[in-house]
Amino acid sequence: MEKFYITTPIYYVNDKPHIGHAYTTIVADVLARYWRAQIGEDNVYFLTGTDEHGAKIAEAAEAEGIEPQAFTDKVSQKFKDAWSNMEIDYNHFIRTTDKEHVKIITDILNTLKDKGVLYEDNYEGLYCVGCEKFITEGELVDGKCPDHNKEPDNVTEKNWFFKLSDFLPKIKAAIESGELAIYPESRKNEVLGLIDKQHVPDFSISRSKKSVPWGVDLPWDDDQKTYVWVDALSNYITALDYPKGEDFKKYWPADAQFMALDILKFHALYWPAILMALDLPMPKLYIHGFFTIDGQKMSKTLGNVIDPNELVEQYGAEVSKYLILSQFSFGQESDIRVEDFPVKYNADLVNGLGNLVNRVTNMIEKYLDGQIEIDTKDMGLGSEELKQLRFREALLTIWQVIAKDNSLIDQEKPWELAKDEANKDKLKSLLKELSLDLYNIALALKPFMPNKSKEILDIITAKKVTKPSEPLFPRL
Ligand code: MSP
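So, here's what we can say about the structure. Note that this is a predicted model, so its numbers are computed, not measured. (Residues numbered from 1 in each chain as written. Predicted model: local features only at pLDDT ≥ 70, side-chain atom pairs only at ≥ 80, totals over all residues. Heavy atoms only, no water.)

## So, the site of the ligand
The test is simple: Being near a molecule or strand, for a residue, means having at least one of its heavy atoms within 4 Å of it. Polar contact criterion, stated in full: a pair of N or O atoms within 3.5 Å, where within protein one must be able to donate a hydrogen and the other to accept it, and residues adjacent in sequence count only if both atoms are side-chain atoms. All accessible areas in this document rest on Shrake-Rupley with a 1.4 Å probe, and a residue is counted as covered only by the protein chains that are shown. Numbering of helices and strands runs from the N terminus; a helix is a DSSP stretch of H or I covering at least four residues, while a strand is a stretch of E covering at least two. In this classification, the charged set is Asp, Glu, Lys and Arg, the nonpolar set is Ala, Val, Leu, Ile, Met, Phe, Trp, Tyr, Cys and Pro, and all remaining amino acids, among them Gly, are polar.
Around the ligand lies a shell of 24 residues, among which Ile-10, Thr-24, Asp-51, Ala-260 and Asp-262 are the nearest. Note that an oxygen atom of the ligand is positioned 2.7 Å from one of the side-chain N or O atoms of Thr-24. Between the ligand and the protein, one listed contact pairs a nitrogen atom with a backbone N or O atom of Phe-291 at 3.0 Å. With the chains in place, 94% of the 670 Å² that the ligand exposes on its own is no longer accessible. Elements with a minimum of two residues in the shell around the ligand: strand E1 (4–12), helix H1 (19–39), helix H7 (229–233), helix H8 (235–238) and strand E11 (256–260). When residues of the shell around the ligand are assigned to their parent elements, the largest contribution, 4 residues, is made by E1. For the shell around the ligand, the per-class residue count stands at 14 nonpolar, 8 polar and 2 charged.

Following this line, the structure appears as structure tokens:
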């Protein structure tokens with residue numbers, strides 16, 4: 001039976017959701033809706049969630065003066081609220097602090113150890129006692145920790161490591177054969193380049209409890225906690241109740257794992273290595289660009305962080321999603337220009353789609369007394385593009401039809417045709433053509449704007465077509 005499994009990264013809860021997280025979650029949502037319509041609700045699984053362990057989160061909790069668990073409960077809820085606000089329809093929201101997840105991670109760690117892919121070694125680094133954490137050369141200012149104005153100590157810490165080096169040749173072969181799919185092609189080549197240059201050392205899977213106090217215990221070593229990546233990456237299978245769960249048997253491997261390129265290395269190297277160690281099949285990875293806002297990196301200090309909730313407040317969920325997805329192609333490094341949103345809203349939605357619906361239904365009402373028969377044939381508008389995860393291009397295909405129809409009306413001037421009884425057939429066939437297009441536009445919009453799509457379908461397939469009592473997209 002056909003199935004489709006879609007994931008987003010699980011987002012860190014050290015900060016609240018922003019438009020970057022929203023982009024990934026929206027594309028996943030659109031794709032999930034598309035596949036649900038193709039193969040049935042019960043054969044699609046869309047997973048998202050939050051990544052809640054690690055020093056970064058513990059610090060954020062401490063800064064607020066609350067316990068890590070209470071802190072992650074609070075921020076994780078903000079992600080859930082934002083997605084509900086954006087009308088994101090996921091199947092499951094996983095948290096790495098979920099009891100079920102922690103239990104399965106413990107089993108996975110034991111399995112990895114039994115398979116002999118883990119080894120103990122010393123980790124050398126600079127340690128700031130004031131911060132109680134390792135700090136990199138790059139973070140130092142004049143050789144000192146900027147927060148404590150003190151030179152860090154050179155410390156060696158015992159950690160557990162994953163033998164990534166043993167897996168690199170197999171990962172390379174899997175990428176080259178397409179068994180491990182990485183899209184777009186440029187990102188795939190980037191990963192192959194990384195492997196060839198051998199710039200990828202084994203990775204540490206644990207840290208001393210001293211440095212990372214907030215995390216899953218390493219089952220065989222009292223002094224150690226799991227360090228972020230095994231815990232985080234495995235969420236994609238723990239959510240399905242690996243290894244025995246029905247969902248796991250049905251849905252793994254993933255058909256589309258979404259992320260930006262910031263975490264490509266972890267997903268294209270660490271994750272396949274873990275999966276290979278567990279004898280599991282490879283997923284398909286889809287990498288989109290990391291975007292800036294009005295030319296700058298999003299940052300709290302610059303104050304240019306866009307809150308998806310504010311967009312929804314201004315435009316509603318469906319329009320917000322349209323505005324975000326239509327700005328640039330998936331995979332492209334891009335800049336979000338917020339000042340373009342109102343212009344785009346007016347051009348594409350008010351004057352484009354909204355106007356077309358209004359004109360066509362108004363004419364059917366006026367010239368044909370609301371009576372029109374359309375043969376409801378699905379032309380699969382935008383379907384090919386969506387299958388290839390070309391979200392913007394799918395929208396462009398739909399909007400080409402909208403533009404074509406609006407100019408067809410301008411050219412044919414149905415209001416002139418209506419003046420002469422002799423043109424009755426011509427007028428009727430013109431309105432038929434237009435309503436068939438509207439019907440298909442609405443079908444194609446379903447994964448993007450399910451509510452607007454239904455509104456249009458209801459209007460155009462009604463026994464007596466009348467123009468909408470209120471504009472579909474009110475002018476700003
Ligand atoms: N917790 C890890 C992921 C673990 S997955 C097993 C993490 N979290 S994160 O909160 O930093 O989320 C990173 C992801 O958020 C990116 O890969 C991308 O999906 C999304 N984005 C965050 N900022 C973004 C932009 N500025 N632009 C595009 N996507 C962005 O990494």
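And the narrative resumes.
## Some words on the packing of aromatic side chains
Definition in use: Aromatic rings from Phe, Tyr and Trp, taking only the six-membered ring of Trp, are treated as a pair when their centres fall within 6.5 Å; an angle between ring planes under 30 degrees marks them as stacked, one over 60 as edge-to-face, and anything in between as tilted. Exposure is judged per residue with a 1.4 Å probe applied to protein chains only, and the accessible area is read against the type maximum: over 50% gives exposed, under 20% gives buried, and values in between give partly exposed. Working rule: Lys NZ or Arg CZ, within 6 Å of ring centre, within 35 degrees of ring normal, means a charge sits over the ring.
Within this structure, the stated rule accounts for 31 aromatic pairs. With a centroid separation of 5.3 Å and an interplanar angle of 50 degrees, the aromatic rings of Tyr-45 and Tyr-251 are classed as tilted. Residue Tyr-45 is found in strand E2 (residues 44–51), and its partner Tyr-251 is found in helix H9 (residues 246–251); the two are separated by 206 residues along the sequence. With respect to class, Tyr-45 is no different from Tyr-251; both count as buried. Clustering of aromatic rings is evident, with ring pairs tying together Tyr-5, Tyr-45, Tyr-236, Tyr-251, Trp-252 and Trp-271. Lying over the aromatic face of Tyr-123, Arg-207 brings its terminal NZ or CZ to 5.4 Å of the ring centre.

## Points about the sheet that holds strand E12 (residues 284–288)
Convention followed: In short, DSSP must find at least two bridges between two strands for them to pair. For helices, the axis comes from a line fit to the C-alpha atoms of the stretch in contact; other axes are also lines fit to C-alpha atoms, and the angle between any two N-to-C directions lies between 0 and 180 degrees.
Strands sit in the order E3-E2-E1-E11-E12-E7 across an open sheet of 6 strands; the sheet is parallel. One side of each edge strand has no neighbouring strand; the edge strands of this open sheet are strand E3 (92–95) and strand E7 (181–183). Each neighbouring strand pair of the sheet contributes to a mean axis angle of 20 degrees, computed without reference to strand direction. Across 4 bridges, E11 lies against E12 in parallel orientation. Note that in E12 the partner of Ala-260 across the bridge is His-288.

## Re the environment of Thr-106
Going by this rule: Note on contacts: a residue pair qualifies if any of its non-hydrogen atoms lie within 4.5 Å across the two residues.
Examined against the element boundaries, Thr-106 turns out to sit in helix H4 (residues 99–114). The sequence separation of Thr-106 and Ile-57 amounts to 49 residues, and the corresponding C-alpha distance is 20 Å. The residues contacting Thr-106, other than those within four sequence positions of it, are Val-216 and Pro-219. Of note is the side chain of Thr-106, whose polar atom sits 2.7 Å from the backbone oxygen of Val-102.

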